[in-house]
Amino acid sequence: MSIITELAQQAKKAARTLAILSESQKNAVLTDMAAAIRANKSKIIEVNEKEVARAKENNLDAAMVDRLILNDERIEAMAEGIEVIVELDDPVGKERVIGTRPNGIEIKKMRIPLGVVCMIYEARPNVTADAGALCFKSGNAVILRGGKEALDTSLAIAELMQDVLEKHNLPKALVTVVPNPDRALMQELMEQRDYIDVIIPRGGEGLINYVTDNAKVPVIQHFKGVCHLYVDKDADLDKAMAILLNGKTQRTGVCNALEGLVVHQAVAGDFLPKVADAFKEKGVKVHVNEKGSQYFDGADVIAEDAYGEEYLGLEIAIRVVDDFDAAVDHIAQFGSNHTEVICTEDAEKGKLFQRAVDASVVMVNASSRFSDGSQLGLGAEIGIATTKLHAYGPMGLESLTSEKYLVNGEGQIRD
């Protein structure tokens, strides 16, 4: 038996142990996991610093290095994210009434775990803690296959979580990190349909496409984040500037950072010169269409069909459009179903934008950086789903469950 099949079998068996755990028991485990991560912060950082140094020596791009880094603040955020999950209601076992049939049979649905979740991700060691905690509380075992750049850090975090599981007489296989990043093993992992119930890839476009094309297990895609801000003709331009700078420059290497700015021509003359000054100060490289190029010195003028890039850096694509409909059309063509924002003081226009735009999170007058599980009250998130299966947007506890029918009768038989 291969190591991958063995890990998958163990995870499947381990998942059954969660069925009998109460919410209070789960919360006690999670509280101890948060404490263990916090208490071993220096150990995690020591391992992580070596991986970050190797990544820089290997010329890993800046966005990937940023995702790889763990420091005091980020480790504390990991621990706090788990503690938020403790405070959230456990969805498992929740029932909702469907109705009573004419023959007296009562129909309900009950929330149940997905079973075994496989996460395939790149240089994000914090995913180990986030996914482990979310899957545990929602009753799922999780198999984590991270990129080689963050493998040692992920293993260190998982070991702390596993130690807590063992102290509570639970199997370590509830949180498993694949110890070898070999791509052949990843392919084998994606074929374990007898033991794995769903695969969630989280990373770059190449990774998502590879998993989607090759997996024999259902896939929930967490695709790239080509997020836009549309500044409407009725926008408060001070609000728009604050939202733009926060979305583009606060942290560039994340999927909820802004990659596109769409501006109504009626406010372009007032707004874009200020944008040009602000971006020059921040060092943001600008790509802009012909209509907007007059407001920027030395910007890269691009064709109307040359948008849709995820830069993950101090770089942005700007387009001046004729009207609201053109802005919506632009987002439909170049967005990635992640997060879209409108800045407008016209409440009806804001509602229309939220109805018309196809994205997992659509915002009015708020930064795209709020498109995050912790910011939306979900605690940690397992990712932001951009496909419309049972989950769309930041995936928290409920998104890691499904429903089964409960049918209660009194001896009825079908004619």
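Quick notes on the rules
- Residues numbered from 1 in each chain as written.
- Predicted model: local features only at pLDDT ≥ 70, side-chain atom pairs only at ≥ 80, totals over all residues.
- Heavy atoms only, no water.
- UniProt positions renumbered as here; feature names shortened; annotations may be inferred.
- Core = buried A, V, L, I, M, F, W, Y, C linked by side-chain atoms within 4.5 Å.
- Buried < 20%, exposed > 50% of the residue type's maximum accessible area, 1.4 Å probe, protein only.
- Contact = heavy atoms within 4.5 Å.
- Salt bridge = Lys/Arg side-chain N within 4 Å of Asp/Glu carboxyl O.
- Helix = DSSP H or I, 4+ residues; strand = E, 2+ residues; numbered from the N terminus.
- Axes fitted to C-alpha atoms, helices over the stretch in contact; angles between N-to-C directions.
- Left-handed = near helix turned anticlockwise from the far one by under 90°.
- Nonpolar A, V, L, I, M, F, W, Y, C, P; charged D, E, K, R; others polar.
- Pairing = 2+ DSSP bridges.

In the annotation of an unreviewed UniProt entry, the chain is listed under the name Gamma-glutamyl phosphate reductase and assigned to Alteromonas marina. The Catalytic activity (unreviewed entry) comment attached to the chain in UniProt states, word for word, "L-glutamate 5-semialdehyde + phosphate + NADP(+) = L-glutamyl 5-phosphate + NADPH + H(+)". Under Pathway (unreviewed entry), UniProt gives the following word-for-word description of the chain: "Amino-acid biosynthesis; L-proline biosynthesis; L-glutamate 5-semialdehyde from L-glutamate: step 2/2."

**Re the nonpolar core**
The biggest cluster of nonpolar side chains holds 74 residues, and the ones touching the most others in it are Met119, Phe136, Ile196, Ile199 and Ile382. For Phe136, the contacting residues outside a window of four places in its chain are Leu18, Leu21, Lys26, Val29, Leu30, Leu165, Leu170 and Leu174.

**With respect to the pattern of salt bridges**
A full pass over the atoms with the stated rule returns 21 salt bridges. Ionic pairing is found between Arg251 and Asp66, a salt bridge with its closest N-O pair at 3.0 Å. Within this pair, whereas Arg251 is found in the loop between helix H10 (237-249) and strand S8 (258-264), its partner Asp66 is found in helix H4 (residues 62-68), the two being separated by 185 residues in sequence. The closest approach of N and O atoms between Glu205 and Lys224, which form a salt bridge, is 3.3 Å. Highlighted residues: Glu205 in helix H9 (residues 205-214) and Lys224 in the loop between H9 and strand S7 (227-231), separated in sequence by 19 residues. Here the residues in one salt-bridge network are Arg38, Glu76 and Glu83, joined through shared partners.

**Observations regarding the packing of H10 against helix H11 (residues 265-282)**
Following both chains from N to C, one finds H10 and H11 inclined at 35°, their axes separated by 11 Å at the closest point. Viewed along their axes, H10 and H11 form a crossing whose handedness is right-handed. The segment H10 lies against H11, with Leu237, Ala240, Met241, Leu244, Leu245, Lys248 and Thr249 engaging Val267, Asp270, Phe271, Lys274, Val275, Ala278, Phe279 and Lys282. A per-class count over the contact of H10 with H11 returns ten nonpolar, one polar and four charged.

**Looking at the pairing of strand S9 (residues 285-288)**
With four bridges joining them, S9 and strand S11 (residues 315-321) adopt parallel strand pairing. Its bridge partner being in S11, His287 is matched across the sheet by Ala317. Pairing of S9 with strand S10 (residues 300-301), which is carried by two bridges, proceeds in the parallel orientation. Opposite Val288, over in S10, you have Val301 as the bridge partner.

**Digging into the UniProt feature "domain: Aldehyde dehydrogenase" (unreviewed entry) in the chain**
Feature annotation in UniProt places "domain: Aldehyde dehydrogenase" (unreviewed entry) on residues 6-282, given in this structure's numbering. Across residues 6-282, the secondary structure splits into 52% helix and 16% strand, with the terminal C-alpha atoms separated by 51 Å.

**A closer look at the sheet that holds S11**
Spatial ordering of the open sheet is given by S10-S9-S11-S8-S7-S12-S13, a layout of seven strands whose pairing is parallel. The sheet terminates laterally at S10 and strand S13 (361-364), the two strands that pair on one side only. The pairing of S7 with strand S12 (residues 339-343) spans four bridges and is classified as parallel. Residue pairing for S12: Leu229 is matched across the bridge by Val341.

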